[in-house]
Amino acid sequence: MVSHPSKVSRDFVLQMEGYGLATAEILYRMPDHPALLQTYLWQEYDLCPRFPELNRFLEFWQREIEGRLHSVRVAHSGLIKPAELRTVDGMFLLN
């Protein structure tokens, strides 16, 4: 990741580097009641289609959390799209 001035938010920098907002609905089995499914929502900036951040989280889950994963459903949105960025041809100052 490139160093950026501190006034620029981390989220904006990630979006400029191609990250979009990923939301995962994670269904997992309750350790004490495996017949019951529980929902966990995870949201972070991630790169589609490989989702390295989500995969890191799921690896952590399987290693550290007792609830066995049932399924994961992912939605992803690139919040800044190329069509939304335009160069400025000029600047006008009004007094």
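Just so you know, these numbers come straight off a predicted model, no measurement behind them.

A.B. asks: Run through helix H2 (residues 52–64), naming residues and quoting values.
C.D. replies: The first and last C-alpha atoms of H2 sit 18 Å apart over 13 residues, in line with the 18 Å expected at 1.5 Å per residue. Residues of H2 that are buried make contact with strand E1 (20–29), strand E2 (37–46) and strand E3 (69–77).

A.B. asks: Explain the pattern of salt bridges to me, using residue names and the numbers behind them.
C.D. replies: Side chains that differ in sign of charge can pair as their charged atoms come close. Taken as a whole, this structure holds 5 salt bridges when the rule is applied. Two residues, Asp-11 and Arg-10, come together in a salt bridge whose shortest N-O distance is 3.4 Å. Overall, Asp-11 belongs to the partly exposed group, its relative accessible area being 33%. Of the charged contacts, one joins Glu-25 and Arg-73 as a salt bridge, the two residues approaching to 2.5 Å between their closest N and O atoms. Of this pair, Glu-25 sits in strand E1 while Arg-73 sits in strand E3, placing them 48 residues apart in sequence. In this structure Arg-73 comes out as exposed when scored by relative accessible area, which is 58%. Bridged by salt links that share partners, the residues Arg-10, Asp-11 and Glu-44 form one connected network.

A.B. asks: Let's hear about a nonpolar patch on the surface: which residues, and what values?
C.D. replies: A cluster of nonpolar side chains, Val-8, Phe-12 and Met-16, forms an exposed patch at the surface whose accessible area comes to about 250 Å². Topologically, Met-16 is positioned in helix H1 (residues 10–16).

A.B. asks: Mind laying out the environment of Ala-22, listing which residues take part and the relevant values?
C.D. replies: Mapped onto the fold, Ala-22 is located in strand E1. Placed 24 residues apart in sequence, Ala-22 and Asp-46 show a C-alpha to C-alpha distance of 5.9 Å.

A.B. asks: How would you sum up the nonpolar core? Please name residues and give values.
C.D. replies: Membership of the largest hydrophobic core is limited to 10 residues, which are Ala-22, Ala-24, Ile-26, Tyr-28, Trp-42, Phe-51, Leu-54, Phe-57, Leu-58 and Trp-61. Counting only elements with at least two residues in this core, the list comes to E1 and H2.

The rules behind these values
Residues numbered from 1 in each chain as written. Predicted model: local features only at pLDDT ≥ 70, side-chain atom pairs only at ≥ 80, totals over all residues. Heavy atoms only, no water. Helix = DSSP H or I, 4+ residues; strand = E, 2+ residues; numbered from the N terminus. Expected span 1.5 Å × (residues − 1). Contact = heavy atoms within 4.5 Å. Salt bridge = Lys/Arg side-chain N within 4 Å of Asp/Glu carboxyl O. Buried < 20%, exposed > 50% of the residue type's maximum accessible area, 1.4 Å probe, protein only. Patch = residues over 30% accessible without salt bridge, like charges linked within 9 Å, V, L, I, M, F, W, Y side chains within 5 Å. Areas by Shrake-Rupley, 256 points an atom, 1.4 Å probe, with all protein chains shown as cover. Core = buried A, V, L, I, M, F, W, Y, C linked by side-chain atoms within 4.5 Å.

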